[in-house]
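Working through the structure, step by step
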Amino acid sequence: MRARAALAAAAILMLVAGCTASPAPGPTESGVPAGFESIYEQQVFWNPCNDGFDCTTVSAPVDWSDPESDRIQLAVVRQESTNTTKGSLLTNPGGPGGSGFDFVSYGYAVTPAAKADYDVIGWDPRGVGRSTRVTCYTDPKQTDEALYATFADPYESQGWLDELASRERDFASACQANSGELLAHMDTASNARDMDLIRAVVASDKLNYVGYSWGTYLGTVYAQLFPQNVGRMVLDGAYDPSLTGFELSQQRMVGFDLAFRSYMQACLDGTGCPFSGDIAAALGQATDLIASADSAALVNADGRVLDTATLGTAVANSLYYQAYWADLTTLLTAFAAGDPGPAFAAADNYNGRFADGSYPGNGLEVTLAVACLDYDLAGDPVATRDRLAQIDAAAPIVGTFIARDDFAVADTACRDWPVPPAALPTTWDAPTGPIVVVGTTRDPATPYVWSQALVGLLSDAVLITRDGDGHTGYNKSNSCVDTAVDAYLLDGVVPASDPQC
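Report follows, based on the coordinates.

On to the overall build of the chain, then. Scanning the chain for helices and strands turns up 19 helices and 9 strands. By the compact-globule yardstick of 23 Å for 501 residues, the chain fits well, its C-alpha radius of gyration being 22 Å. Seen through its principal axes, the chain has C-alpha atoms that stretch 65 × 50 × 45 Å. The buried share of the chain, taken over its 501 residues, is 61%. In the chain, 76% of the contacts between residues at least 6 apart in sequence involve partners at least 24 apart. When the accessible area of the chain is evaluated, it comes to approximately 17,500 Å², of which 51% is carbon and sulfur surface.

Structure (structure tokens):
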């Protein structure tokens, strides 16, 4: 089976692609990419929507290397400031595949103080949601099969990988047939160019931006392509763009192991924990329990069969936020008692599957489309099976199970993806103003070391550390982080040193 990154805030594999596509034209003296002056000058009209918000659509070229290419549409939403505005603040929740439109509409994007002073703008990136969509399977039953179907051969075997590769080829063929030219232009650089277009059409001289998870990579790439346009930029839960796709995935699995260890200690310290003994004994019990899912083959009420990969996905979903830890205890307790329902509910949340079996979003499609363009996975000379063995050794607690529906899917899919990798920046020190990076010490999806590394790679960056659990740190009820970030966004005050929140 296969899974994708959590829609709202996750971050699956990302970065460092081979450079085979034609680069986009350079900027004119005005800073507009040559040949795209007319699209930068388009007029947009805001219409009331979503009870207090304004919506519009921005037209963008499907191919930023060809001014004559077909146009796609980007769905954009704005929440106007309640005070005298400081201008626009663009934001992205991550993914890839997360809806920035929903992120702003639901009020999750930034703190009340930032919303009071900025017009907060979200958008569905190219291929996502309300924007021109990437489409692969059109029948939700096919998506169910892609995400939840079991295999004839056991995980980690060559037979499993062969069957997985066959399924991925079918999926990729559907993507190519149903998505057209857009499939080849889903890369992060194209998305970053869309960001600059949005900046221009909302009449901002500089891009003020808050990006989370994969949204930090969007910001990092933007800063290399348009350093002269960088305003106040916050990158929360950062990617390290110097790592290969495999290194990112392996370190992410290590991050999930670290987060699970933190969960387990809290479980043992509380009441009703299904595990016992010291932390080492309890972790061993949990690993053995998850590993038993394949032989248990518990059948859900809708007929789906729970296995280690789906159970791993459920565990991953429950580690993104500390508030989900009680649900993690519930689903593991229920599984041990023979009930797979809570595990499927958590995995469905991760995969964007609704209770009626529908998939309103298209996160699976977007995740693989972006990953195969941005990653170096297609040219990785090391076999998927050997890479999984390396992950197993580095993350033996829960990362080893999560990788079956994460790294293995991306690695096999990208090796036979129907379009070549994209051209992306390879250096990360373009001269910008100060950029603020937020890192959480036990972040499961974007390990803290990535934020530390990004600060060292950017030309002018400072780190705000959140000592805690869960994914990302800003607007997560940590007053220290929120105060420091808002001081930067609202008043331009850059921390003199890491406040160690």
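Right, let's get into the nonpolar core. Grouped together as the largest cluster of nonpolar side chains are 131 residues, with contacts concentrated most on Phe260, Tyr263, Leu332 and Trp417. The greatest single-element share of this core, amounting to 9 residues, is contributed by helix 8 (residues 245-269). Apart from the residues lying within four places of it in its own chain, the contact partners of Trp417 are Phe171, Ala172, Cys175, Leu183, Leu368, Ala369 and Cys372. Within the second largest apolar cluster, 29 residues are counted, among which are Cys49, Cys55, Val210 and Tyr474.

Attention shifts here to the state of the cysteines. Across all of its chains, the model carries 5 disulfides by this definition. Covalently, Cys49 is tied to Cys55 through a disulfide, its sulfur atoms 1.8 Å apart. Across the S-S bond of Cys49 and Cys55 the torsion is about 75°, and the bridge reads as right-handed. Both residues of the pair, Cys49 and Cys55, count as buried. The partner cysteine of Cys136 in its disulfide is Cys175, sulfur to sulfur 1.9 Å. Between Cys136 and Cys175, the S-S dihedral sits near 100°, and the bridge is therefore right-handed.

Take the pairing of strand 3 (residues 71-79) next. With 8 bridges joining them, strand 2 (residues 53-61) and strand 3 adopt antiparallel strand pairing. Counterpart to Ala60 in the pairing with strand 3 is Ile72. Summarising the sheet, strand 3 and strand 5 (residues 119-123) pair through 4 bridges and their orientation is antiparallel. Looking across to strand 5, one finds that Val76 is bridged to Trp123.

For the structure shown, the criterion picks out 20 salt bridges. One salt bridge in this structure joins Arg199 and Asp196, with 2.8 Å as the shortest N-O distance. Here the residue Arg199 and the residue Asp196 both occupy positions in helix 6 (residues 188-201), the gap between them amounting to 3 residues, near one helical turn. A relative accessible area of 11% places Arg199 in the buried class. A residue is classified by how much of its surface remains accessible, and Asp196, at 0% relative accessible area, is buried. Here Arg252 makes a salt bridge to Asp406, at a shortest N to O gap of 2.4 Å. Here the residue Arg252 occupies a position in helix 8, and Asp406 occupies one in the loop between helix 16 (399-402) and helix 17 (407-415), the gap between them amounting to 154 residues. Each of the two residues, Arg252 as well as Asp406, counts as buried. Through salt bridges that share partners, Asp144, Asp302, Arg304, Asp348 and Arg353 make up one connected network.

Another point: the sheet that holds strand 9 (residues 461-469). If you walk across this open sheet you meet the 9 strands as 1-2-3-5-4-6-7-8-9, and the pairing is mixed. Since the sheet does not close on itself, it has two edges, and those belong to strand 1 (47-49) and strand 9, each with one partner. Neighbour-to-neighbour, the strand axes of this sheet turn through a mean angle of 25°, independent of strand direction. One ladder, built from 3 bridges, connects strand 1 with strand 2; its direction is antiparallel. Across the sheet, the residue bridging to Pro48 is Asp54, located in strand 2. Against the sheet, helix 19 (residues 479-491) makes contact with strand 4 (88-92), strand 6 (207-212), strand 7 (230-236), strand 8 (435-442) and strand 9, and its axis sits at roughly 165° relative to strand 7, the strand it touches most.

So, on to the packing of helix 5 (residues 158-179) against helix 17. Across the interface, helix 5 lies against helix 17 with an axial gap of 9 Å and an inter-helix angle of 60°. Taken together, the axes of helix 5 and helix 17 lie oblique to each other. When you trace helix 5 past helix 17, the crossing you get is right-handed. Contact residues: helix 5 offers Trp160, Leu161, Leu164, Ala165 and Glu168, while helix 17 offers Ala408, Val409, Thr412 and Ala413.

Among the surface-exposed residues, Asp66, Glu68, Asp70 and Glu181 lie close enough to one another that they form a single negatively charged patch. Mapped onto the elements of the fold, Asp66 is located in the loop between strand 2 and strand 3. Since its relative accessible area comes to 31%, Asp66 is described here as partly exposed.

Given a relative accessible area of 2%, Arg252 falls into the buried group. Among the polar contacts made by the side chain of Arg252, one reaches the side chain of Tyr350 at a distance of 3.3 Å.

With that settled, the discussion passes to helix 6. Between the first and last C-alpha of helix 6 there are 20 Å, a value that for 14 residues agrees with the 20 Å anticipated at 1.5 Å per step. In terms of burial, helix 6 is largely enclosed, as 13 of its 14 residues are buried. Capping the start of helix 6, Asp187 holds a side-chain oxygen 3.2 Å from the backbone nitrogen of Ala189, two or three residues further along.

Attention now goes to the pairing of strand 7. Of all 7 residues in strand 7, 6 are buried, a share of seventy percent or more. In this fold, strand 6 hands off to helix 7 (residues 214-225), which returns the chain to strand 7; that crossover is right-handed. Bridge count between strand 7 and strand 8: 4 bridges; the pairing is parallel. Looking at strand 8, one finds that Val234 is bridged to Val436.

Another point: the packing of helix 5 against helix 15 (residues 384-394). Closest axis-to-axis distance for the helix 5/helix 15 pair is 10 Å, and the angle between their directions is 115°. Regarding helix 5 and helix 15, the two cross each other, and that crossing is right-handed. Contacts between helix 5 and helix 15 involve Gln158, Trp160 and Leu161 from the former and Thr384, Arg385 and Leu388 from the latter.

Cut-offs and rules
Residues numbered from 1 in each chain as written. Predicted model: local features only at pLDDT ≥ 70, side-chain atom pairs only at ≥ 80, totals over all residues. Heavy atoms only, no water. Helix = DSSP H or I, 4+ residues; strand = E, 2+ residues; numbered from the N terminus. Rg over C-alpha atoms; globule rule 2.2 N^0.38 Å. Buried < 20%, exposed > 50% of the residue type's maximum accessible area, 1.4 Å probe, protein only. Contact = heavy atoms within 4.5 Å. Areas by Shrake-Rupley, 256 points an atom, 1.4 Å probe, with all protein chains shown as cover. Core = buried A, V, L, I, M, F, W, Y, C linked by side-chain atoms within 4.5 Å. Disulfide = S-S within 2.5 Å. Pairing = 2+ DSSP bridges. Salt bridge = Lys/Arg side-chain N within 4 Å of Asp/Glu carboxyl O. Axes fitted to C-alpha atoms, helices over the stretch in contact; angles between N-to-C directions. Parallel < 35°, antiparallel > 145°, perpendicular 65-115°, else oblique. Left-handed = near helix turned anticlockwise from the far one by under 90°. Patch = residues over 30% accessible without salt bridge, like charges linked within 9 Å, V, L, I, M, F, W, Y side chains within 5 Å. Lys, Arg positive; Asp, Glu negative; His and termini not counted. Charge placed at Lys NZ, Arg CZ, Asp CG, Glu CD. Polar contact = N/O pair within 3.5 Å; in protein donor to acceptor, adjacent residues only side chain to side chain. Expected span 1.5 Å × (residues − 1). Right-handed = clockwise from strand over helix to strand, strands pointing away.

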